[in-house]
Amino acid sequence: MTIIKVTDEAEIINKLASYVEKISNDAILNRGKFFIGLSGGSVVKYLCEGLPKVNTDWSKWVLAFCDERVVPENSEDSTFGTYEKQLIPKTNLSRKQFIVLKQGVSAEEAAKDYTEQLKSAFNSDNFKFDLLLLGMGPDGHTCSLFPNHPLLKESTLQVASITDSPKPPPERITLTYPVINNARNCIFAISGAGKADMVKRILKDNEDLPAARVQPQGSLYWILDEAAAANL
Ligand SMILES: O=C(O)[C@H](O)[C@@H](O)[C@H](O)[C@H](O)COP(=O)(O)O
C-alpha cells in the first residue's frame, strides 16, 4: 500500500489525474482497453475536474460504477447522471462507453443485469478492472459496503444489491470484494477533517472496517490531503 499525502483538494485532483493517465496508458498499451470503476460522493468532483486534464486515448475507455444508486438517471442522486452532465462534455467520452444501471427495475434485478453487462464488457466472468477509484465515508464504508452489513461477507455475487443503505438513497448496487480485490489498481482519494478520525482508525489502528478490506491483488493507493491525514 502507498500512502500519498498532499496539501489540499486541488493537489488531490492533480495527483489522481496523473495516476489515471499512467494507469490508462499502460492498460491501453498492453491490453488495448482501459477498464475503470467510478464512485460517487466527493470522488465525482475530483474526477470531473481531474480527468479532463488526462492525456489518453478516450476511445479505449470502458467506464463502470463501483456502486450506483437505484434511481432514475435524471435524479440528482444518480452517480451516472452527474458524470453525464459534468464529465462527458469536458472529454471525448461518449455515453455508450459507460456501463449504466438498467432503469425501472428493482435493485436486485439491476444488480443481476449489471453483472451480465460486465460479463459482455469483459467478455469473461473474470471482472478484472485496471483501476477502481474509491471514496470512503466517515463511517469507513466504501462502495456501498457498510460496517457490519451482511454484504461484507458476500463471496458469490460479483455485483450485489442493497435496499437498506444507511447512506441515502437506500437502494443501490455495488461491486463486492471478490471483484474489488481482483483489480489491478485501487485508489482512495480522501479530503477534509471530517475523514481524519476514520483515516487514522483504518491506516494507523488497523481496524477491520469496510475500506480496510480493500486489499487488491494489484496496487493500492491512498491519496490524502493534510486535513484527512492529520491524525496519522
Ligand atoms: O454512493 C456514494 O456516495 C458513493 O458511491 C460512495 O461509495 C462514496 O464514494 C462514499 O460514500 C464516500 O462518499 P463521500 O466522499 O461523499 O464521503
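Because the structure is predicted, anything quoted here is derived from the model rather than measured.

> Could you give an account of the site of the ligand, with specific residues and numbers?
Taken together, 14 residues lie near the ligand, and Ser-42, Asp-67, Arg-69, His-141 and Lys-167 sit nearest. One of the side-chain N or O atoms of Asp-67 is found 2.4 Å from an oxygen atom in the ligand. Measuring from an oxygen atom of the ligand, one finds a side-chain N or O atom of Lys-167 at 2.7 Å. Burial of the ligand by the protein chains amounts to 92% of its free accessible area of 410 Å².

> Pulling in residues and values, what's your account of the sheet that holds strand β6 (residues 159-162)?
Spatially, β4-β7-β6 is the arrangement adopted by the 3 strands of the open sheet, whose pairing is antiparallel. A strand with exactly one partner marks an edge of an open sheet, and here the two such strands are β4 (67-69) and β6. On average, each strand axis in the sheet is inclined to that of its neighbour by 20°, with strand direction left out of account. Where β6 and strand β7 (residues 172-175) come together, 4 bridges link them in antiparallel fashion. Of the residues in β7, the one forming a bridge with Ser-161 is Ile-173. Across the face of the sheet, helix α4 (residues 107-122) comes into contact with β6 and β7 while running at roughly 165° to β6.

> Any details on helix α2 (residues 42-50)? Residues and values, ideally.
An α-helical turn contains 3.6 residues, so any two residues separated by three or four positions project in the same direction. Taken residue by residue, α2 has Val-43, Val-44, Tyr-46, Leu-47, Cys-48 and Gly-50 as its buried positions. In the core, the buried residues of α2 are packed alongside α1 (9-31), β2 (34-38), α3 (79-86), β5 (131-134) and β8 (185-190).

Parameters at a glance
Within each chain, residue numbers correspond to sequence positions counted from 1 in written order. With pLDDT at 70 or above as the cut-off, local features in this predicted model cover only qualifying residues; side-chain atom pairs require 80 or more to be listed or tallied, and sums for whole chains, interfaces and linings still use all residues. Only hydrogens and water are removed before side-chain values are computed, so all heavy atoms of the structure are retained for them. The criterion for a residue being near a molecule or strand is simple. One of its heavy atoms has to lie within 4 Å of it. In the analysis that follows, any N or O atom pair within 3.5 Å is treated as a polar contact, provided that within protein one partner can donate a hydrogen and the other can accept it, and provided that, for residues neighboring in sequence, both atoms belong to side chains. Note on areas: Shrake-Rupley with a 1.4 Å probe; residue coverage comes only from the protein chains shown. Following DSSP output, two strands are said to pair if at least two bridges run between them. For the purposes of this entry, the term helix denotes a DSSP run of H or I that reaches at least four residues, the term strand denotes a run of E that reaches at least two, and both are numbered from the N terminus. Note on geometry: axes are C-alpha line fits, over the in-contact stretch for helices, and angles between N-to-C directions span 0 to 180 degrees. Contacts are assigned to residue pairs with any non-hydrogen atoms lying within 4.5 Å of each other. Think of it in three bands: residues with accessible area under 20% of the maximum for their type are buried, residues over 50% are exposed, and the middle band is partly exposed, with areas taken using a 1.4 Å probe on protein chains only.

Any link to function would need more than the numbers given here.
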